Amino acid sequence: MALRPVQVNIKAVDDAAVGRFWAEALGWSAYRSGGTTYVGPAGGRVRPDPVAVCVEVVPVPEPKSATKNRVHLDLATNSPAHQAELISRLLALGATPADVGQGDVPWTVLADPEGNEFCVLEPREIYRDTGPIAAVVVDCADPRAMARFWDEAIDWTPHEVTDDQASFRSAGGVGPYLEFLRTPGAKTVPDRVGLDLLPYPGDDKQAEVARLRALGATDLDPGRGDVPWTCLADPDGHEFRVLASPS
C-alpha cells in the first residue's frame, strides 16, 4: 500500500480570488466546484494529474496570521529574464514582496493576495523539467526523521537525505519535488498550506489511515463536520489530508 501526493491545499477567506491568482501564476486554469477552487492544467479537474501536483484552495473564515507558513511553493524559472518577467507579472496579479529573513539570496520571496509566502527561484538545472512548481517545501526540525516517515507514507523516491534537507520526487521522475528543510522554531498556529494524499484505486482509505497512524501520524479535527477526507499530522506536526479512494 502507498499514497500519492496529488495536490497542495491552501486555505483562504476568498478561495475564488486566491484560486484565480494561482491559476494565473502557474499558467493553469481554475475550476470552482463543491465549495472549493481547484487549480490545475487545462482540461478540467483531474485527480490525480499524470504529472502535476495541483492546488486546491479551501475557504475558511479566518485570515492568515502574521506567522510565516511552514509549507510553501517554490516556482521554477528557466532563465534570468524569465525570473524577472514572472516576478513582474506576479506583482501585477496582486502578489506582494515578503521578508521571511531570507537576506541576500538569488531567489525572490513573495506572498499571494492573502499573505501565503512563496519563492520565485533563479534558474536551477535540477528544476528544469518540473513544470511551474519546482518544489513543495516544508520547514521541519529534523529532515532525517521526516524522510523516514514520508518514505513509508508515500510512493515517491528519496533523492537526498542529510541533516539539513531531505527531498523526494515521483518514482517516474516527473513533476515537482517534495523537500524538507531544517528550520528553527516550533509550530504555533494551524497550518495554512498542506499536502493532500490519494490512495490507489482499490486501496482502502481507512487501512491507509491506520497505517499512517502506526508510522507516527496523529489525528486532527479540523471542525468541518462530515467530510470524505481524513485530517492527520505527521510527527513534526504538519497537517495533511488523506482523500477518499478513487472508484
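Here goes a summary of the coordinates provided. (Residues numbered from 1 in each chain as written. Predicted model: local features only at pLDDT ≥ 70, side-chain atom pairs only at ≥ 80, totals over all residues. Heavy atoms only, no water.)

A few words now on the pattern of salt bridges. Overall, the coordinates contain 20 salt bridges when judged by the stated rule. Here R70 makes a salt bridge to D236, at a shortest N to O gap of 3.4 Å. You can see R70 sitting in the loop between β4 (54-59) and β5 (71-75) and its partner D236 sitting in the loop between β15 (230-233) and β16 (239-242), a full 166 residues away along the chain. For the salt bridge of E239 with K187, the shortest nitrogen-to-oxygen distance reads 2.7 Å. Highlighted residues: E239 in strand β16 and K187 in the loop between β12 (177-182) and β13 (193-199), separated in sequence by 52 residues. One network of salt bridges, with partners in common, ties together R45, R47, E56, D196 and R241. (Salt bridge = Lys/Arg side-chain N within 4 Å of Asp/Glu carboxyl O. Helix = DSSP H or I, 4+ residues; strand = E, 2+ residues; numbered from the N terminus.)

With that settled, consider helix α1 (residues 15-26). Here α1 is 12 residues long and its end C-alpha atoms lie 16 Å apart, about the 16 Å a rise of 1.5 Å per residue gives. Burial analysis of α1 places 9 of its 12 residues in the buried class, which makes it a mostly covered element. Buried residues of α1: D15, A16, V18, G19, F21, W22, A23, A25 and L26, and no others. Of the residues one or two after α1, G27 is the one with positive phi, at around 75°. (Expected span 1.5 Å × (residues − 1). Buried < 20%, exposed > 50% of the residue type's maximum accessible area, 1.4 Å probe, protein only.)

On to the side chain of S167. Considering the arrangement of structural elements, one finds S167 in strand β11 (residues 165-169). Note on S167: relative accessible area 5%, which makes it buried. Dropping the residues within four chain positions of it, S167 is found in contact with T157, P158, H159, E160, L178 and E179. (Contact = heavy atoms within 4.5 Å.)

Topologically, P106 is positioned in the loop between β6 (96-97) and β7 (108-111). Residue P106 is classed as exposed on the basis of its relative accessible area, which comes to 51%. Distance from P106 to R70, taken between C-alpha atoms, is 21 Å for residues 36 residues apart in sequence.

Another aspect to go through is helix α4 (residues 205-215). Because an α-helix completes one turn every 3.6 residues, residues spaced three or four positions apart along the sequence face the same direction. By the burial criterion, the buried members of α4 are K205, E208, V209, R211 and L212. Within α4, the buried residues cover an arc of 160° as seen down the axis, which keeps them to one side. Close packing links the buried residues of α4 with β1 (3-12), α3 (143-153), β13, β15 and β16. Where α4 begins, the capping side chain belongs to D204, and its oxygen is found 3.2 Å from the backbone nitrogen of Q206. Where α4 terminates, the next one or two residues include G216, which has phi positive at roughly 120°. (Arc of directions from axis to C-beta. Polar contact = N/O pair within 3.5 Å; in protein donor to acceptor, adjacent residues only side chain to side chain.)

Just distances and angles here, no functional claims.
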